[in-house]
Amino acid sequence: MYEWHRQIQTIIVAIDECIRRRDDEALTLRSLAQRLGYSDFHMTKQFHQITGLSLRQYLRARRLAFALIEVRDTQRRLIDVALDYGFSSHEAFTRAFKAEYGVTPAAYRRHPVAVALRTRINAYDRYAFGMEEIGMIKSSGQINVYFTTIPAHKLLYIRNNVSNGYWDFWQHHETVPGQDCHTICGLLDSIPGKLDDMGSGDISSGAGQIMAYEAAEDGGRFPCYPVPRYECYGCRLPVDYDGPVPEQMLLRDVPEGEYIVFEHGPFNYDQENRSVEFAIDKAWDEFNWSATNYEFDDSMGRIYYFYHDPERYWKELWPVRRKG
């Protein structure tokens, strides 16, 4: 039923790989269509039907997104950046960049602002389509449980007190002007210095972006969280961050704090995601607090973090405090 979604996702991943390699020959319509074994016309039609964009529009937007990161993070000549990302001249690059982001590359380099990059589209996600795991494979990975201290930092985020879980969160924010998933993820991609992106500056998979809960007296009440809370999405930034803050987002200071961590290593998203989730929940439910010097910290304002990166880990960090 969703075979074309899966095929188009293959093309979307390939596009990013080709842009990174500066492989313009592989980015032609014919080359991309040949990957799937379909005609140029048929693949173009399906791409537009599933993504809402023409292939040409998407390619141009992704090239500009990658180019913006180079403009922001390097001192390479703008003409070299332009040529690397498929633009024939400095003038053509400047026109396209300004049309997309409202500022020229030179002006952006002098004073980076938050802009909504075209994030990589996720055309196929079996869980979003209500499907279960593939086959009978269940996660057998061990859940590592340990305590850690997170230094003071800032959190840039949006929040609400009505959603319950990732998909529900974005369904709610699709109805809030300027807070839909593509806009927020694109804005976060353009923010420099995110603490959790491993220094990669990657814009293909929401690197450095995380879900969080913020304990709050007027927050929503849900079984998965022991105290009222806001559900949040954003990124962690250095404590001295003084860069751009999008107008529809909040920036708050998070003091140094202690956390208990429940962590599962790398896993196969299609085959194990639900199993990993259940394993994490089971480890939390069965954790023996009496054998430690800690207890859960339900103080208002404490933050809970949730990292979901199948190539690295599933990791939940809950706030704690010393007993007594």
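Remember, it's a predicted structure, so these values are computed and weren't measured experimentally.

So, how was this worked out
The residue numbers shown here count from 1 along each chain, following its written sequence. For this predicted model, a pLDDT threshold of at least 70 governs which residues receive local features, and a threshold of 80 or more governs which side-chain atom pairs are given and counted, while totals over whole chains, interfaces and linings are taken from all residues. Side-chain figures throughout are based on the complete set of non-hydrogen atoms in the structure, without hydrogens or water. By the criteria applied, helices consist of DSSP H or I runs no shorter than four residues and strands consist of E runs no shorter than two, each listed in order from the N terminus. When accessible area is computed with a 1.4 Å probe and restricted to protein chains, residues below 20% of their type maximum are described as buried, those above 50% as exposed, and intermediate ones as partly exposed. The criterion used for residue contact is that any of the two residues' heavy atoms lie within 4.5 Å. All accessible areas in this document rest on Shrake-Rupley with a 1.4 Å probe, and a residue is counted as covered only by the protein chains that are shown. Charged residues are defined here as Lys and Arg on the positive side and Asp and Glu on the negative side; His and the ends of the chain fall outside this count. Charged side chains are reduced to one point each, which is NZ for Lys, CZ for Arg, CG for Asp and CD for Glu. Nitrogen and oxygen atoms within 3.5 Å of one another constitute a polar contact, given that in protein one can donate a hydrogen and the other can accept it, and given that sequence-neighbouring residues count only through two side-chain atoms. We define the nonpolar core as a collection of buried residues of types Ala, Val, Leu, Ile, Met, Phe, Trp, Tyr and Cys that are connected through side-chain atoms lying within 4.5 Å of one another. Cavities and pockets are found on a 1 Å grid laid over the protein atoms alone: a cavity is a set of points where a 1.4 Å probe fits but cannot escape, a pocket is an open set with protein on both sides within 12 Å along at least five of seven lines, and a lining residue has an atom within 4 Å of such a point. Grid points are joined across faces, edges and corners, and a volume is the space filled by probe spheres set on the points.

A. Fine view of the overall build of the protein. Looking only at helices and strands, one finds 10 helices and nine strands in the protein. Dimensions of the protein, computed from the C-alpha atoms along their principal axes, are close to 65 × 50 × 35 Å. Expressed as a percentage of its 324 residues, the buried residues of the protein come to 48%. Intrachain contacts of the protein at a sequence separation of at least 6 include 72% that bridge at least 24 residues. Surface accessibility of the protein: about 16000 Å² in total, with carbon and sulfur atoms responsible for 49%. Looking at charge distribution, the protein has the averaged site of its 37 positive side-chain charges lying 5 Å from that of its 46 negative ones.

B. Up close: the side chain of Glu316. Its place among the elements puts Glu316 in strand S9 (residues 313-322). Looking at Glu316, its side chain comes within polar contact range of the side chain of Tyr304, at 3.4 Å.

C. How the structure looks around the nonpolar core. Core analysis: the biggest nonpolar cluster contains 40 residues, and Ile15, Leu68, Phe93, Phe97 and Tyr101 have the highest contact counts within it. Ignoring anything within four residues of it in the chain, the contact list for Phe93 reads Leu64, Ala67, Val71, Leu78, Val81, Ala82, Phe87 and Pro105.

D. A look at the layout of surface pockets. Approximately 360 Å³ is the volume found for the second largest pocket. Looking at the second largest pocket, it is lined by 15 residues, and the ones nearest its centre are Leu27, Leu55, Arg56, Leu59 and Arg63. The biggest single contributor to the lining of the second largest pocket is helix H4 (residues 55-73), with five residues.

Geometry only, nothing functional implied.
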